[in-house]
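# Observations on chain architecture
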Amino acid sequence: MNYNESAETILAVENLSVEYDGKKIIQNINLTEKDVLRPGVIQGQTLAFVGRSGRGKSTFFRSLAGLETPTTGKVLLSDLSKEPENGYPPLKEVEEGDVGFVDQKYTLFRHKTIIQAMEFAMRKVDKTKAEKQKIINTHLRDWGLEQVKHQYPNELSGGQRQRTAILEQVLSSTNYIILDEPFSGLDVGNIQNVINAFKLINETHELNTIIFCTHDIELAVQLADTVYVIGYPTLENGNLEMIGTIVETFDLKERGLAWRDAFTAQHIEVVEEVKKAILNS
Ligand SMILES: Nc1ncnc2c1ncn2[C@@H]1O[C@H](COP(=O)(O)OP(=O)(O)OP(=O)(O)O)[C@@H](O)[C@H]1O
Ligand SMILES: [Mg+2]
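The model shown is predicted, which means the values in this text are computed figures rather than measured ones. (Residues numbered from 1 in each chain as written. Chains lettered and ligands numbered in written order. Predicted model: local features only at pLDDT ≥ 70, side-chain atom pairs only at ≥ 80, totals over all residues. Heavy atoms only, no water.)

## Regarding helix α4 (residues 158-172)
- Here α4 spans 22 Å end to end across 15 residues, near enough to the 21 Å set by a 1.5 Å rise per residue.
- With 13 of 15 residues buried, α4 lies mostly within the body of the structure.
- At the C-terminal side of α4, S173 shows a positive phi close to 60°. (Helix = DSSP H or I, 4+ residues; strand = E, 2+ residues; numbered from the N terminus. Expected span 1.5 Å × (residues − 1). Buried < 20%, exposed > 50% of the residue type's maximum accessible area, 1.4 Å probe, protein only.)

Pasting the structure below:
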């Protein structure tokens, strides 16, 4: 295997549960992600979450982004504002604003045009105004948004809003980006834009971590290093307990299937396994 996992945790979820009005939606969610090291390349992390509708993916993502107060447990991630210890930043409990978040509804600033939203997204990026303009214009062209760059969100199509929301996070250069169904409803060209953006983010910084969910299982297996299935676990009596949790984890790195350009017969086998896990939960 041409990779190592460092001993350093970059994301940890401990015993997380969330309730709405006393009703448990997700519970007992635990996971630990470590920095993946590959000789000679910068390698960020990509995590995919899949599962049937209503199992709690969006609820979990809002907790990961610090937008939801968990009933129990916590989410820890690298605190990049602190000096590294042994080469790695210390962990902190997530707060709103620590991670880039693209919600399932692609919420945008109502009073900013696309170009204003992009400039705002890059406000903390350490580059000159001219450099930022150049980057923004290149991306707007590549993502098919140049013609509409002076329009407001209510003047955009659904796909244009979605691309704008994703691009905002891509340009803001936060190390953690969480995307709730970034691929739904995009045309093939735009899907490729988002895939390319994922690749670029991954190659830019060792600690960059992309977390996304999708109903496209092929895409999840193609893009992620680890695929987590969120579903209802099976009780001893054989019935499903109707509270979402991680029911299965597929580690594509261990299987030698991560970071491959080709989608092979082995990937297709994993897709089938993942689909089975989803259907059983
Ligand atoms: N604010 C809320 N108040 C009460 N119940 C909620 C709230 N948000 C979500 N739920 C409930 O929590 C459950 C999980 O919803 P969630 O949106 O997390 O599912 P999901 O896995 O993202 O589904 P989908 O694949 O359809 O997007 C659903 O039963 C939903 O009705
Ligand atoms: Mg959802």
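## Observations regarding the packing of aromatic side chains
- With the rule as written, the count across this model stands at 9 aromatic pairs.
- With 5.3 Å between their ring centres and 85° between their planes, F109 and F120 make a pair best called edge-to-face. Of this pair, F109 sits in the loop between β6 (100-102) and α2 (114-121) while F120 sits in helix α2, and the two are 11 residues apart along the sequence.
- Counting every residue linked through ring pairs, the aromatic cluster contains F49, F60, F61 and Y228.
- Lying over the aromatic face of Y232, R55 brings its terminal NZ or CZ to 3.9 Å of the ring centre.
- In this structure, K112 packs its charged tip against the face of F120, placed 4.4 Å from the ring centre. (Phe/Tyr/Trp six-rings, centres within 6.5 Å; stacked < 30°, edge-to-face > 60°. Lys NZ or Arg CZ within 6 Å of the ring centre and 35° of its normal.)

## A few points about the coordination of the magnesium ion (ligand 2)
- Here the magnesium ion (ligand 2) is held by the protein donor atoms S58 (OG) and Q104 (OE1), which lie 2.0 to 2.4 Å from it. Of this pair, S58 sits in helix α1 (residues 57-64) while Q104 sits in the loop between β6 and α2, placing them 46 residues apart in sequence. (Donors = N, O, S within 2.8 Å, 3.2 Å for Na, K, Ca; no water.)

## Describing the sheet that holds strand β5 (residues 91-93)
- Taken in spatial order, the 4 strands line up as β2-β1-β4-β5 in an open sheet, and their pairing is antiparallel. The two strands at the open ends of the sheet, each matched to only one other strand, are β2 (23-37) and β5. Adjacent strand axes in the sheet meet at a mean angle of 25°, parallel and antiparallel pairs treated alike.
- Pairing geometry for strand β1 (residues 4-20) and β2, over 10 bridges, is antiparallel. Within β2, the position partnered with T9 by the bridge is K34.
- Of the strands in this sheet, β1, β2 and β4 (72-78) are in contact with α1, which crosses β1 at around 115°. (Pairing = 2+ DSSP bridges. Axes fitted to C-alpha atoms, helices over the stretch in contact; angles between N-to-C directions. Contact = heavy atoms within 4.5 Å.)

## Comments concerning the sheet that holds strand β10 (residues 245-251)
- What the 6 strands build is an open sheet, ordered β6-β7-β8-β3-β9-β10; its pairing is mixed. On the outer flanks of this sheet lie β6 and β10, each paired with one strand and no other. Each strand axis lies, on average, 15° off the axis of its neighbour in the sheet, ignoring direction.
- Pairing geometry for strand β3 (residues 45-50) and strand β8 (residues 209-213), over 5 bridges, is parallel. Within β8, the position partnered with A48 by the bridge is F212.
- Those strands touched by α4 are β6 and β7 (176-180), and its axis lies near 170° from that of β6.

## Considering the pairing of β3
- The buried fraction of β3 amounts to 6 of the 6 residues, a majority that puts the element mostly inside the structure.
- Burial along β3 is two-sided: the face carrying Q45, L47 and F49 and the face carrying T46, A48 and V50 are both buried.

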